[in-house]
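Chain and residue survey
Single-letter residue listing:
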Amino acid sequence: MLTVPAVALVVFTVFFISYAHNIFIKRRRSEFGLFMILGMSNRDLCKLLLMENGAIALLSIFSGISSGIIFSRIFFLLLMNSVGLHDVPFHLNSKMFLYSIITFFIVFSIAVGKSLFLILKSNAIHSLKSNKVKETIKMKNPLIGGLGLAIVIGSVAGLYYTYTDPVAGGEYLLLWAIATFIGLYISLNQFTSFFIELAKNNKSYYYRRLLFLTSLDYKFKKLTSILMLVTAMIMVTILYSTIILFTYMLTERQAMDENPYDIAFLQAENKNNLSLEELYSIIDEKENPVQKHLVIPIYYYYQKYSFRDWPYVYVFMPVDHFNKLTSSQMKLEDKEFLYYVNENPENLSSSMDDQNLILPFKNGNTAYTLKSTIIEKNINNLHDLDDFIVVSNSDFEWIKENIDGFESKIHLINVADWKKTANTVKKLNMTLKRYNEHTSPITDVRVEHTSEEEIFRVASKVEDYQNNKNSNGILFFVTTFLSIIFFFGSFILLYLNLFSDIDMEKDKYKKLYKIGITAKETKRMISKEITTLFFVPSIVGTTLAFLYIVAMAKDVGGVMKNPEILLHFLVVAGIYHGIQEGFFLYARKKMFIHLIE
């Protein structure tokens, strides 16, 4: 899961370095033109650029690596303390430095090379007048904007209907995301053209806002790539922050859903075979006594096939113990069986492929008839206990005598408070480990594709909860950290682009003052422009994140069955927009100072 934010971080870095460098060069093109008029040759100009950018690159690498070393230690300590891990050592790997330096120099070299090409290609007069020349935007077609909107809507609808596809749901997610971003780019590029066409139907509205609409149309087309990147960053930030927050907050419920009993383990003849007195001396504590203890006898049969490497495992259970496990009143005749799937019904819909089960007894094959399929989670996640063949009590005894297999017992234990069993489970694990070390190791078919430790491990709520809390906590911490980077990065990108043309904006408003525009009207127009440029990507990104959450929530039953998803989305989006409101007010104030005061 860390791959997704890591890729997003690389993409953001590429765009950020490229745009920051382009803005830096754009502000200096007139200066380069002046140097050329004063006699500086192309070779001298290239040497100057290479020296300047080389110094910037070296300073960036040195400061970035140095601060990275310092802050990585700080963030590592915060991460370990926040998720409760204390045995993980901090270390620095050479690949961390190598990949960062190589990626930076590749992106930076491409940006510098592009700048050198454009500057050397331009003549001195053109470079000198670059600040006085407006970029022309020729393509204005509202229908294309409508097509982009249709692509966005179609991609979100496609994701909604295909995300739960068990075969290619993940592949569809990537394809639909690409289609969404393509449609988003087209829509943002033609957004104002489409809006202007609609506004023309209301003449009084259109002509009173003609200056604002035309200025906004130019800026939207000029900043389409930036607005697209910012929208995508906002969408990814809110989407993944919501998903990780939802997963992190559901850690306890996940542990309880996956582990119906507080403690469970498998017992064989010479493994985990503690006496009840010794077992209860560990788990039955005065302040946290045992509430329930089931012992379910089972019988393993491993059937090998020539066309597959792994044997098929049949796990038999007598019907009386199945009734105790499930609180049901099932009855079975001889040669009848139930197919019991130990899984939550919403996560699985399964049934036997064949109505009859053929078992190879010593005196010949015998057919068993399927009576019913039952899907419900009643046993913790233990090795090879995913599904069971439930038979009558007499058939169970007959199977043990006539099929070569392995007899075992499942211990299922509930105590008063499972959250207080961390030390109990740790002590039980150590006791079972010591016991198993003094018995002969298993060398039969059971350990061909797994280990003895995995088969006879203890499956408990508290360990599952702690493991999920640690892993989800790491994901939540890293995603939060990257979200902060993306948030500041999106603001800086907009801020740089807005203020990179501040001199041209000054000239524009000076001319408007001469024809009678007031300071109040100027302030109102500046406020509208900045508000639109700041909050259109924010609103669109939030909307797309919400639609993606609705589509992806189908995998867990939908947002209506999980209203906490909407709550987490509102919390994340609210925090994001609240902070962005502060940055917006800061940027607007700075713009007022530059253009009015």
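Here, every reference points to the structure presented above.
Just so it is clear, the model here is predicted, and its values are computed rather than measured.

Side note on the packing of helix α8 (residues 210-222) against helix α18 (residues 519-552)
Interaxial distance between α8 and α18 falls to 10 Å at its minimum, and their mutual angle equals 35°. Relative to α18, the crossing made by α8 is right-handed. Counting all contacts with α8, which are made through L211, F212, S215, L216, K219 and F220, the residues of α18 involved are M525, K528, E529, T532, L533 and V536. Split by residue class, the contact of α8 with α18 holds seven nonpolar, two polar and three charged.

Structural notes on the pairing of strand β1 (residues 263-267)
For a regular strand, the rule is simple: side chains alternate between the two faces of the sheet. Within β1, five of the five residues are buried, leaving the element largely enclosed by the surrounding structure. Here β1 shows no split at all, with I263, F265 and Q267 on one side and A264 and L266 on the other all buried. For β1 and strand β8 (residues 406-415), the ladder comprises five bridges, and the chain directions are antiparallel. Directly across from F265, in β8, lies its bridge partner H411. By the bridge criterion, two bridges tie β1 to strand β9 (residues 459-460) in an arrangement that is antiparallel. From the neighbouring strand, I263 faces β9, where its bridge partner is S460.

Regarding a positive patch on the surface
A cluster of basic residues, R208, K520, R524 and K528, forms a positive patch at the surface. Per-element accounting of the positive patch gives the leading share, three residues, to α18. For K528, the location among the structural elements is in helix α18. Overall, K528 belongs to the partly exposed group, its relative accessible area being 33%.

Quick look at helix α14 (residues 422-437)
The end-to-end C-alpha separation of α14 is 23 Å, in line with the 22 Å expected for 16 residues at 1.5 Å each. Turning to α14, its buried residues are T424, V425, L428, T431, L432 and N436. Along the axis of α14, the buried residues cluster in a sector spanning 130°; they form a single face. Among the exposed residues of α14, those pointing more than 90 degrees away from its buried face are N423, K426, K433 and E437. On its buried side, α14 packs onto β1, α11 (276-283), α15 (452-455), β9 and α16 (461-500).

Topic: unusual backbone geometry
In this model, N272 sits at a positive phi of 55°, which is unusual for a non-glycine residue. Looking at the element boundaries, N272 is found in the loop between β1 and α11. By relative accessible area, N272 is classed as buried at 0%. Notably, S327 is not glycine yet its phi reads approximately 60°, a positive angle. Along the chain, S327 turns up in the loop between α12 (319-326) and β4 (336-341).

Comments concerning the side chain of N468
With respect to the secondary-structure elements, N468 resides in helix α16. The exposure class assigned to N468 is buried, which follows from its relative accessible area of 18%.

Here we look at a nonpolar patch on the surface
Taken together, the side chains of I69, I70, F71, I74, L78, L92 and M96 present a nonpolar region at the surface, about 610 Å² in accessible area. Tallying contributions element by element places helix α2 (residues 42-83) first for the nonpolar patch, with five residues. Tracing the backbone through its elements, the reader meets F71 in helix α2.

Things to note about the environment of N468
Measuring from C-alpha to C-alpha, the distance between N468 and Q254 comes to 8.3 Å, with 214 residues separating the pair along the chain. Among all residues touching N468, those that are not within four sequence positions of it are T251, Q254, A255 and G473.

What counts and what doesn't
Counting of residues starts from 1 at the beginning of each chain's written sequence and follows it residue by residue. Totals for whole chains, interfaces and linings use every residue, but because this is a predicted model, local features are given only for residues with pLDDT of at least 70 and side-chain atom pairs only at 80 or more, for both listing and counting. The basis for every side-chain value is the complete set of non-hydrogen atoms in the structure, without hydrogens or water. Helix axes are fitted only over the stretch in contact, all axes being lines through C-alpha atoms; the angle between N-to-C directions runs from 0 to 180 degrees. Helix and strand definitions here come from DSSP, where helices need a minimum of 4 consecutive H or I residues and strands a minimum of 2 consecutive E residues; each element is numbered from the N-terminal end. With the far helix as reference, a near helix turned anticlockwise by less than a right angle produces a left-handed crossing, and one turned clockwise produces a right-handed crossing. Contacts were defined at the residue level, with two residues in contact if any of their heavy atoms lie within 4.5 Å. Lys, Arg, Asp and Glu make up the charged group, whereas Ala, Val, Leu, Ile, Met, Phe, Trp, Tyr, Cys and Pro make up the nonpolar group; the residues left over, Gly among them, are polar. Only protein chains enter the accessibility calculation, which uses a 1.4 Å probe. A residue is then buried if its area is under 20% of the maximum for its type, exposed if over 50%, and partly exposed in between. Any two strands with at least two DSSP bridges between them are considered paired. Here a patch means residues that are over 30% exposed by relative accessible area and free of salt bridges, tied together within 9 Å if like-charged and within 5 Å if nonpolar (Val, Leu, Ile, Met, Phe, Trp, Tyr). For accessible areas, the Shrake-Rupley method is used with a probe of radius 1.4 Å. Any residue's cover is judged against the shown protein chains and nothing else. When a carboxyl oxygen of Asp or Glu is within 4 Å of a side-chain nitrogen of Lys or Arg, the pair counts as a salt bridge. Only four residue types enter the tally: Lys and Arg on the positive side, Asp and Glu on the negative side; His and the chain ends are excluded. The atom standing in for a charge is NZ when the residue is Lys, CZ when it is Arg, CG when it is Asp and CD when it is Glu. To estimate the expected span of a helix, count its residues, drop one, and scale the result by 1.5 Å. Think of the arc as the fan of directions from the helix axis to the C-beta atoms.

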